[in-house]
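Structural overview for review
Below are the chains, spelled out letter by letter.
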Amino acid sequence: MKKVILLFVMITAGCTLLQAQPGKTIRWSRDGQSVLKATPEGITANPLSGAAPTVLVPAAKFTPGGAARALPVRDFSFSEDGKKLIIYTNAKKVWRYETRGDYWILDLPTGKLQQLGKDKPASSLMFAKLSPDGSKAAYVSEHNIYVEDLATGAVKAITTDGARRFINGTFDWAYEEEFGCRDGFRWSPDSKGIAYWQIDATKIRDFLMINNTDSIYSFNVPVEYPVAGESPSACRIGVADIATAKTTWMQVPGDQQQHYIPRMEWMPGKNELIIQQLNRKQNESKVMICNAVNGNVRTLYEERDSAWIDVKSRWDDDNIAGWDFIRNGKAFVWVSEQDGWRHIYSITADGGKATLLTPGNYDIISIAAIDEAKNLIWFMASPDNAGQQYLYKVPLTGGKAERVTPADQPGTHEYTFAPGNSWAIHEFSNACTYSVNENVQLPAHTSNTGAVATALKKSGSSCVEFFQVKTEDGVTLDGWMRKPANFDPARKYPVVFYVYGEPASATSRDAIGAGRNFLYDGDMAGDGYIYISMDNRGTPLPKGRQWRKSIYRKVGILNARDQAMATKALLAKHPYMDASRIAVWGWSGGGSMTLNLMFQYPEIYKTGIAIAAVANQLTYDNIYQERYMGLPQENREDFIQGSPITYARNLKGNLLYIHGTGDDNVHYQNAEMLLNELIRYKKPVQFMAYPNRSHSISEGKGTFDHLSALYTDYLRKHCEPGAK
């Protein structure tokens with residue numbers, strides 16, 4: 001129901017990195033001076049300085065014997081010592097990303113090329129990675145973990161009980177979607193053991209999607225999917241001895257089916273694990289130390305929140321893997337909102353003592369890099385404008401933050417640091433400037449091309465207007481507005497609102513995309529529409545804990561009221577906005593918002609287009625919905641009051657509802673439940689089902705063009721464009 005962020009782990013240039021999908025993460029040279037890329041010539045090193053690339057591994061080296069061409073590289077990585085190349089190919093989708101496929105190992109000194117898991121089904125291997133000593137590889141295939149000796153080719157099953165609903169070394173649907181957990185095992189530093197997650201989904205009911213298009217007889221597509229109010233899959237952590245394949249289970253306290261363990265790593269230099277445990281409501285977090293030999297567990301650090309506690313992916317650039325240890329493992333970096341702002345802390349590994357490193361009345365957005373050599377933490381923040389994002393630094397011992405991004409580059413910045421932190425790839429955009437990349441040297445922020453500065457000189461400054469609007473409830477919302485071409489304030493124009501409004505995403509940021517409607521087939525400004533988006537309370541803007549968490553148990557109520565009251569205030573303030581031509585649209589959580597606005601405030605919104613919406617909050621997965629709404633067993637009425645279906649009888653305007661029948665995220669049942677309510681109350685609605693399409697409605701030839709045309713035609717028909 002959110003902007004989907006799914007993750008995948010590979011090993012590259014001696015370090016483990018997490019990536020949004022295979023082939024998208026930057027792979028660095030060991031010295032941090034070059035970016036490594038797979039090209040038709042082979043694996044190349046592309047210096048950050050701009051010098052000519054060089055071929056590190058010719059494609060001929062990873063051409064199997066008797067083959068006419070090299071392996072098509074979907075992704076690649078190097079071993080810790082740089083002597084082995086791992087190649088990922090023949091990739092296949094698992095829900096959203098191509099995280100299963102075939103893996104090959106190239107021994108660079110000898111030239112030996114071998115395929116891992118040759119006895120396993122094609123394209124069934126997941127998350128293959130080498131042991132730290134380079135002698136073995138481990139991977140998941142069909143829910144079991146295997147270890148393969150690279151010298152002999154012998155394969156040992158570390159687990160044998162894996163099945164679709166009994167999962168070793170990876171995760172069920174809900175963990176993947178809501179925590180970004182995919183790679184579910186970790187080699188021990190001494191290469192003698194593997195720590196792994198085991199997810200028992202056998203007590204979770206399957207949701208049955210129906211595929212009507214791929215055969216004459218329809219068939220079910222089952223997904224282990226715990227809805228709000230249902231207990232999650234049981235979760236436990238084990239450490240397997242490679243020699244014996246015997247697993248020692250960590251004795252984590254509590255009911256395994258009433259907690260989550262979204263993070264686990266090895267402690268540096270110790271035969272111990274460090275884990276994070278969340279309770280079912282996700283408002284209690286405990287960092288625990290686990291003895292890998294006997295399974296004993298002790299709590300090191302804990303915190304509570306009256307609403308919820310975010311997991312690492314929220315503040316570590318969507319990276320759920322790794323643990324930010326400092327001082328040779330004697331402490332680690334952590335993020336907490338315990339003082340009302342999202343701040344960085346250091347936590348001692350022996351006693352769990354927390355020290356605030358970024359004091360002040362502002363939020364850090366995410367951690368960019370930790371540099372012990374320079375005694376710095378690099379992080380993203382924007383204390384003065386919640387819709388923007390800049391690079392800051394602070395001493396590792398704590399203190400006043402210093403902005404690093406140049407002051408004359410307003411907008412949204414991203415930085416990906418190279419090993420050693422002397423270089424970073426800098427990505428920039430704002431509402432008027434398309435995304436541009438450059439390499440910068442730090443800490444001086446010296447660009448090798450000046451690409452960002454050049455782009456800013458070429459970009460305009462009047463593409464959108466950023467504004468604030470105060471509602472009758474005393475709440476101030478940030479937003480952007482794109483006015484029609486040849487705008488005349490003496491005339492009246494139709495207004496289209498783009499909404500989301502839930503804790504997973506914000507829409508009002510000063511970044512490329514602001515003021516642009518990717519679904520509209522044409523030029524909205526040229527056609528005479530005012531296009532607006534605003535962020536209500538509960539959206540993840542850096543405006544403090546109270547802003548973000550005031551939505552707790554009020555999704556569908558507080559956020560909808562903020563949007564409606566802000567719209568009402570805009571109409572009162574701007575006579576050029578035609579109150580008879582007010583449209584709203586959104587996708588996923590934005591689709592839910594669209595429905596709530598159409599049903600709860602029909603006097604304001606005349607036309608709505610809702611795509612892949614949650615019509616009934618009780619149908620959505622438990623990790624997301626319970627995090628923000630509590631448990632239905634305790635406050636079921638909140639779920640009902642926040643669900644659009646509760647207010648369907650109030651529809652007065654024009655509604656286009658769109659859903660994919662193969663949506664594994666927000667199930668198609670939402671559409672049928674809502675349609676039943678609209679039918680019950682004799683409410684006319686235009687409905688479009690996209691057969692066997694997922695949440696993105698992207699599969700199949702012609703799908704996007706069809707969706708865009710449907711959207712555009714409906715909007716033009718029911719919210720007439722142009723000035724009056």
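The name recorded for the chain in an unreviewed UniProt entry is S9 family peptidase, from Chitinophaga solisilvae.

What about helix α5 (residues 589-600)?
In this model α5 runs 16 Å from its N-terminal to its C-terminal C-alpha over twelve residues, within 8% of the 16 Å that 1.5 Å per residue would give. α5 sits mainly inside the fold: twelve of its twelve residues count as buried. As for α5, its buried residues are in contact with α4 (558-573), β42 (577-587), β43 (607-611), β44 (654-660) and α8 (669-680).

Here's the deal with the sheet that holds strand β26 (residues 325-326)
Two modes of strand pairing occur in sheets, parallel and antiparallel, and in both the strands are linked by backbone hydrogen bonds. With respect to topology, four strands assemble into an open sheet ordered β26-β27-β28-β29, the strand pairing being antiparallel. At either margin of the open sheet sits one strand with a lone partner, and together these are β26 and β29 (354-356). Sheet topology note: the strand β28 (residues 343-348)/β29 ladder contains three bridges and is antiparallel. When the bridges of β29 are listed, Ser346 appears paired with Thr355.

Notes on the pairing of strand β17 (residues 193-200)
Across the eight residues of β17, eight count as buried, placing the element largely inside the fold. Bridge count for strand β15 (residues 166-168) against β17 is three bridges, and the pairing is antiparallel. Bridged to Asn168 within β17 is Gln198. Pairing analysis gives three bridges linking strand β16 (residues 185-187) to β17, with the strands arranged antiparallel. Counted as the bridge partner of Phe185 is Tyr196 from β17. Adjacent in sequence and paired antiparallel, β16 and β17 are bridged by five residues, among which Ser191 carries a positive phi angle near 65 degrees. Relative to strand β20 (residues 234-241), β17 is paired through eight bridges, and the arrangement is antiparallel. Following the sheet pairing, Gln198 is matched in β20 by Arg236.

Quick notes on the domain arrangement of the chain
For the chain, the domain assignment lists domain 1 (1-130), domain 2 (158-322) and domain 3 (465-718). The C-alpha centroid of domain 3 is placed 33 Å from the C-alpha centroid of domain 2. With 29 residues of domain 2 at the interface, the matching set in domain 3 holds 33 residues. Here domain 2 meets domain 3 over a buried area of about 2800 Å², counting both sides, of which 51% is carbon and sulfur. Counting across the domain 2 and domain 3 interface gives four salt bridges. The closest approach of N and O atoms between Arg545 and Asp305, which form a salt bridge, is 2.8 Å.

Reading the values: rules and limits
- Residues numbered from 1 in each chain as written.
- Predicted model: local features only at pLDDT ≥ 70, side-chain atom pairs only at ≥ 80, totals over all residues.
- Heavy atoms only, no water.
- Helix = DSSP H or I, 4+ residues; strand = E, 2+ residues; numbered from the N terminus.
- Expected span 1.5 Å × (residues − 1).
- Buried < 20%, exposed > 50% of the residue type's maximum accessible area, 1.4 Å probe, protein only.
- Contact = heavy atoms within 4.5 Å.
- Pairing = 2+ DSSP bridges.
- Domains from an automatic or database assignment.
- Buried area = accessible area lost by both parts, 1.4 Å probe.
- Salt bridge = Lys/Arg side-chain N within 4 Å of Asp/Glu carboxyl O.

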